[in-house]
Amino acid sequence: MDTSCFIRPAIEADIETFFEICLKTANGGHDASALYSDPRLPGYIWSVPYLKFAKDFAFVLVHDDRPVGYVVGAPDTSRFDQDLAANWWPVVRREIAGLSPTRPRDADVLERIQNPRSGTVWLQDQYPAHLHINILPGLQASGWGRKMINTELQALQDHGVTAVHLGVDPANERARGFYRHLGFSELERDGAVAFAMRIDEGSR
């Protein structure tokens, strides 16, 4: 494991880094720059809102003084979605007003911003919290992913959370193997793939 890395709480100054890392990992863990006409599009959905609305559960992986990854989460997915509906999506819609889809992934993200949806509603009663993690390709499979997940799980558990879930691109076999290895249970419904875990005291 690279000893020049460390994990720290995310701060407001990390916002541009969150946009960048999200873009550079949005293609199944690889660079998605060619897939979006606006480099901020994936970050509007999968990274920056956590820094804004669940900051206590946002952490950054730093390598040689440069952020190279993040893990984020929300202890109550339903409430988080309500916060975004009231205070995030209206702002984002104003920022992207007039943007027309010209790249392969534009249309999907623009639709998600206009009509936000949670693909894991079926999990939220049993597993109310959720998380996301992204690490730049050079440090994936370095052992730091496990440490980042454990940092997030500890923060959620300290907040009283008992169970957590996350969604995964069905085509991302590497990610699926990673979560299985960490002890998450793999669940599928209507073509969607998710992983879930109990994090009660003593369950990990």
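This text gives an overview of the structure that appears in the document. (Residues numbered from 1 in each chain as written. Predicted model: local features only at pLDDT ≥ 70, side-chain atom pairs only at ≥ 80, totals over all residues. Heavy atoms only, no water.)

1. Structural notes on the packing of helix α7 (residues 144-158) against helix α8 (residues 173-181)
When two helices pack together, their arrangement is captured by the angle between the axes and the distance separating the axes. In contact at an axis separation of 11 Å, α7 and α8 are set at 60° when each is read in the N-to-C sense. Judged by the angle between their axes, α7 and α8 are oblique. The two elements α7 and α8 meet at a crossing, and its hand is right-handed. On α8, the residues that touch Gly-145, Arg-146 and Ile-149 of α7 are Phe-178, Tyr-179 and His-181. A per-class count over the contact of α7 with α8 returns three nonpolar, two polar and one charged. (Axes fitted to C-alpha atoms, helices over the stretch in contact; angles between N-to-C directions. Helix = DSSP H or I, 4+ residues; strand = E, 2+ residues; numbered from the N terminus. Parallel < 35°, antiparallel > 145°, perpendicular 65-115°, else oblique. Left-handed = near helix turned anticlockwise from the far one by under 90°. Contact = heavy atoms within 4.5 Å. Nonpolar A, V, L, I, M, F, W, Y, C, P; charged D, E, K, R; others polar.)

2. A closer look at the sheet that holds strand β4 (residues 129-135)
Read across the open sheet, the seven strands follow the order β1-β2-β3-β4-β5-β7-β6; overall the sheet is mixed. Looking at which strands have only one partner, the edges of the open sheet turn out to be β1 (5-9) and β6 (185-189). When strand polarity is set aside, the average angle formed by the axes of neighbouring strands in this sheet is 25°. Here strand β5 (residues 163-168) runs beside strand β7 (residues 192-198); their pairing, made up of six bridges, is antiparallel. (Pairing = 2+ DSSP bridges.)

3. Examining α8
Ala-175, Arg-176 and Tyr-179 are the residues of α8 that are buried. Relative to the axis of α8, the buried residues are bounded by an arc of 100° and lie together on one face. In α8, the exposed residues that point more than 90 degrees away from the buried face are Arg-174 and His-181. Where α8 is buried, its residues touch β4, α7, β5, β6 and β7. Two residues or fewer past α8, Gly-183 is found with a positive phi of approximately 100°. (Buried < 20%, exposed > 50% of the residue type's maximum accessible area, 1.4 Å probe, protein only. Arc of directions from axis to C-beta.)

4. Things to note about the pattern of salt bridges
The tally for this structure, following the rule as stated, stands at eleven salt bridges. In this structure, Lys-52 engages Glu-12 in a salt bridge whose closest nitrogen and oxygen atoms are separated by 2.7 Å. In this pair, Lys-52 is assigned in helix α3 (residues 48-53) and Glu-12 in the loop between β1 and α1 (15-25), connecting sequence segments 40 residues apart. For Lys-52, a relative accessible area of 36% corresponds to the partly exposed category. According to the relative accessible area criterion, Glu-12 is partly exposed, its value standing at 38%. (Salt bridge = Lys/Arg side-chain N within 4 Å of Asp/Glu carboxyl O.)

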